[in-house]
Amino acid sequence: MVQQQSLSESDVDDLHALIKLAAKLDDPSGRQPVRVNAGAIPSAGVAGSVVSLAAIREPKNLNAIGESESVTFEPVGLNVVYGYNGSGKSGYARALKRACSAREVEDIYPNIFVETIAPPGPASAMFEWVDSGMEQRGVWVDGTSAPSALSQIAVFDSHCARVFVDEQAEIAFIPYGMDMLTQMTSALVKIQQRLEAERRQAKFDRSQLEPLAGNTEVGRLISTLNRKTKPELVRKLATLSEAENDELNHLRDLLQNDVALKQAKQLRLFATRLESFNRELKNLSSLLGDDAMHKMREKFKELHALHIASQLAANAFSEGFLPGTGTEPWEQLLKSAINFAQIPYGDDQFPGPDGASCVLCQQPLSAEAHSRLKSFLKFLNDDSQARLAKCRKEVNEDWYQPVASAPTSNFAADKVFVEELAEKYPEMPARVAGYVGALRERQQRIIQMAPTRVIGELPPIPLDPSADLDEILEQLRLKIAQLEEKLTPEQQAEKAKRVLELEARLKLQPLIDVALLAIAADEWDSRMGDAIKLCHTGFLTKKHSELYEKTVTADLQRSMQQELGRVNTNSNY
């Protein structure tokens, strides 16, 4: 922005990559931050000195200007430089903008009509100036730091203008550099939106690790897997030593000698998977069952009633106001205007003190317009509006989003278990599929009706099969207890538990890469969160206010008023 005064889309892409680098996220394109060339930034001047330009001599590689040519200035008064096209006026102006202070600089090219074997060097010239009565001189070379005194010489032309003129020809002054903060704020907002979208799309799916769930060391590790989990611990658990493999085989042989215990073990494994299956089903029922729908319908009724109340309040703006005044988009616009008004007007209540300017069109407010904006603020602060906003948030976060995202289309993560369930209880998978299909249809109807804020009649659903699954689970537990009666508690603790631990570690072996990916994904997600925090613009807004207060001083305002008054121009700054 220092060099080209604005950010291109490519610049925003680069800034996006650099923010991710700051959050320790690699850039596939290998981009790295590059420090701004010091020669592109005006040098600091000496406080209290008065500098006047005296001459530019010995120009080299400065467009088509000859090395013997020069231009001389009177240190006091108005200097007029004129000449034919191609005589060098623009070349001298470009050199001045490069060496002194200018809001926008232009590239300097050598004489294109002169053929040279070696490429020409950078443009340069000898500058002469008067600093507080003392004659001085120094060489300027393009791309390097100019003599510090030259930074106090301001160069302004049509390319350097940073003023905005409205329809009444009123001028709004923007101090040098302030527009860069505004551009940077807009760029950070855009990058934050990109990062948030990228973070949502890359959310890691942990369903592949569900077969490892359980009350084992592996199960406990998987349930708490995060970026702080040490990969070495995962690899260690997934690796059985030769002694541990021998121990597992011995325990299996020992347990298989008891037919009843073997049957109990198989039933226990089936019961564990059935319990997980039923838990998934109950989760869907808790979101889309009749009881949940009754509560959701009542919440939507409350939202609808508050929306009607808000519309009634907004009807006060029906005559003499633009269509849509009082609606949600209008409220968002008004809230943004109120937030922005805190920058120029501080703690004064919106829309600002008497004589304030509109924060949108930035023209002085008439008494009628001032009063109208106050009535808008009163409408926005009305209790019914706050209740509507709160209810809208509750409906979306606590009811609609959980229902809309319920996994009805890919229910039952363990597809192999469904086949095993069909072998033991042939009618159950069809009942569950019918029930989930009805929940899916209900879910789609809710998604369709939600924009109207009214949940109408919903298709009925079959009897929830989870109660029958609970009964099957209870029967299985009784059967398991009967089969295990021959074993003492000590034997069960010594053999069965150890086998489960070792087998869980065996199950981890083919899924170790998935587990390590889950750790890396959580680390990546955390770093994306850090990158998003780096996009927060509060510090830029604060710095904008601080700089504006420092730069637009009372003396500057009076000076600008006097200058603009001499040419009979109204000012607004």
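Residues numbered from 1 in each chain as written. Predicted model: local features only at pLDDT ≥ 70, side-chain atom pairs only at ≥ 80, totals over all residues. Heavy atoms only, no water.

Draft legend 1. Local environment of the overall build of the chain. Counting secondary structure elements, the chain contains 18 helices and eight strands. Of all intrachain contacts in the chain linking residues separated by at least 6 positions in sequence, the fraction that spans at least 24 positions is 72%. With the model as given, the accessible surface of the chain reaches about 34800 Å², and the carbon-plus-sulfur share is 53%. (Helix = DSSP H or I, 4+ residues; strand = E, 2+ residues; numbered from the N terminus. Contact = heavy atoms within 4.5 Å. Areas by Shrake-Rupley, 256 points an atom, 1.4 Å probe, with all protein chains shown as cover.)

Draft legend 2. Molecular detail of the sheet that holds strand 2 (residues 70-72). Reading across the sheet, the four strands line up as 2-1-4-5 and stay open at both edges, with antiparallel pairing between neighbours. On the outer flanks of this sheet lie strand 2 and strand 5 (134-141), each paired with one strand and no other. Neighbour-to-neighbour, the strand axes of the sheet open up by a mean angle of 20°, direction not taken into account. Strand direction decides the pairing type here: strand 1 (residues 51-60) and strand 4 (residues 124-131), joined by seven bridges, are antiparallel. Bridge pairing in strand 4 links isoleucine 56 to phenylalanine 127. (Pairing = 2+ DSSP bridges. Axes fitted to C-alpha atoms, helices over the stretch in contact; angles between N-to-C directions.)

Draft legend 3. View of the environment of threonine 185. Within the secondary structure layout, threonine 185 lies in helix 3 (residues 178-201). Note: C-alpha distance between threonine 185 and glycine 538 (353 residues apart in sequence) is 9.0 Å. Apart from residues no more than four positions distant in its own chain, threonine 185 is found in contact with Thr537 and Leu540.

Draft legend 4. Structural detail: unusual backbone geometry. Phi is positive for glutamate 58, close to 55°, though the residue is something other than glycine. Assignment of secondary structure puts glutamate 58 in strand 1. Accessibility expressed as a relative area gives 42% for glutamate 58, which makes it partly exposed. Within the chain, asparagine 63 stands out as a residue other than glycine whose phi angle is a positive 55°. For asparagine 63, the location among the structural elements is in the loop between strand 1 and strand 2. (Buried < 20%, exposed > 50% of the residue type's maximum accessible area, 1.4 Å probe, protein only.)

Draft legend 5. Representation of the nonpolar core. Among the nonpolar cores identified, the biggest contains 43 residues, and Leu274, Phe277, Met293, Phe411, Leu421, Ile446 and Leu476 are the most heavily contacted of them. Those elements giving two or more residues to this core turn out to be helix 7 (259-288), helix 8 (290-314), helix 11 (383-404), helix 12 (415-424), helix 13 (427-449) and helix 14 (466-483). For methionine 293, the contacting residues outside a window of four places in its chain are Leu287, Leu288, Val403, Arg442, Ile446 and Leu458. Listed in part, the 24 residues of the second largest apolar core include Leu96, Ala102, Ile108 and Ala125. (Core = buried A, V, L, I, M, F, W, Y, C linked by side-chain atoms within 4.5 Å.)

Draft legend 6. Layout of helix 2 (residues 89-99). Those residues of helix 2 not exposed but buried are Gly91, Tyr92, Ala95, Leu96, Lys97 and Ala99. Among the structural elements, strand 1, strand 2, strand 3 (101-102), strand 4, strand 5 and strand 6 (154-155) are those in contact with the buried residues of helix 2.

Draft legend 7. A look at the environment of glycine 214. Tracing the chain through its elements places glycine 214 in the loop between helix 3 and helix 4 (217-223). Between the alpha carbons of glycine 214 and alanine 504 there is a distance of 8.6 Å; along the sequence they are 290 residues apart. In this structure glycine 214 touches Gly219 and Arg220, once residues within four positions along its chain are discounted.

Draft legend 8. Main features of the side chain of glutamate 128. Mapped onto the fold, glutamate 128 is located in strand 4. Its relative accessible area of 17% is what places glutamate 128 among the buried residues. Ignoring sequence-local partners within four residues, the contact set of glutamate 128 consists of Leu53, Ala54, Ala55, Arg57, Gln136 and Arg137.

Draft legend 9. Representation of the pairing of strand 1 within the structure. Pairing between strand 1 and strand 2: three bridges, direction antiparallel. If you follow arginine 57 over to strand 2, its bridge partner there is serine 70.

Draft legend 10. Just helix 16 (residues 512-533), in detail. For helix 16, spanning 22 residues, the distance from its first C-alpha to its last is 32 Å, which sits close to the expected 32 Å at 1.5 Å a residue. Residues Ile512, Val514, Ala515, Leu516, Ala518, Ile519, Ala521, Ser526, Met528, Gly529, Ala531 and Ile532 constitute the buried set of helix 16. (Expected span 1.5 Å × (residues − 1).)

Draft legend 11. Quick peek at a nonpolar patch on the surface. Together, Leu78, Val80 and Tyr82 make up a nonpolar patch on the protein surface, roughly 460 Å² of accessible area in all. Looking at the secondary structure, you find valine 80 in the loop between strand 2 and helix 2. On the accessibility criterion, valine 80 (63% relative accessible area) is exposed. (Patch = residues over 30% accessible without salt bridge, like charges linked within 9 Å, V, L, I, M, F, W, Y side chains within 5 Å. Salt bridge = Lys/Arg side-chain N within 4 Å of Asp/Glu carboxyl O.)

Draft legend 12. Quick peek at the packing of aromatic side chains. Across all of its chains, the model carries five aromatic pairs by this definition. With 6.5 Å between their ring centres and 25° between their planes, phenylalanine 270 and tyrosine 425 make a pair best called stacked. Taken together, the residues span a long stretch of sequence, with phenylalanine 270 in helix 7 and tyrosine 425 in the loop between helix 12 and helix 13 at a distance of 155 residues. No difference in accessibility class separates phenylalanine 270 from tyrosine 425, as the two residues are buried. Arranged with centres 5.6 Å apart and planes meeting at 50°, the rings of phenylalanine 277 and phenylalanine 417 form a pair that is tilted. With a gap of 140 residues between them, phenylalanine 277 in helix 7 and phenylalanine 417 in helix 12 connect regions that are remote in the sequence. An identical accessibility class is assigned to phenylalanine 277 and phenylalanine 417; each is buried. Ring pairs connect the aromatic residues Phe270, Phe277, Phe411, Phe417 and Tyr425, which therefore count as one cluster. The ring of phenylalanine 270 carries the charged tip of lysine 424 above its face, separated from the ring centre by 5.3 Å. (Phe/Tyr/Trp six-rings, centres within 6.5 Å; stacked < 30°, edge-to-face > 60°. Lys NZ or Arg CZ within 6 Å of the ring centre and 35° of its normal.)

Draft legend 13. Inspection of the pattern of salt bridges at higher detail. Tallied over the full model, the rule gives 25 salt bridges. Put simply, glutamate 106 and arginine 94 hold a salt bridge, and the shortest N to O gap is 3.5 Å. Taken together, the residues glutamate 106 in the loop between strand 3 and strand 4 and arginine 94 in helix 2 connect sequence positions 12 residues apart. For glutamate 128, the salt bridge goes to arginine 137, with nearest N and O atoms at 3.1 Å. Each of Glu9, Asp13, Lys190 and Arg194 takes part in salt bridges that share partners, so that together they form one network.

Geometric descriptors of this kind do not, in isolation, establish any biological role.
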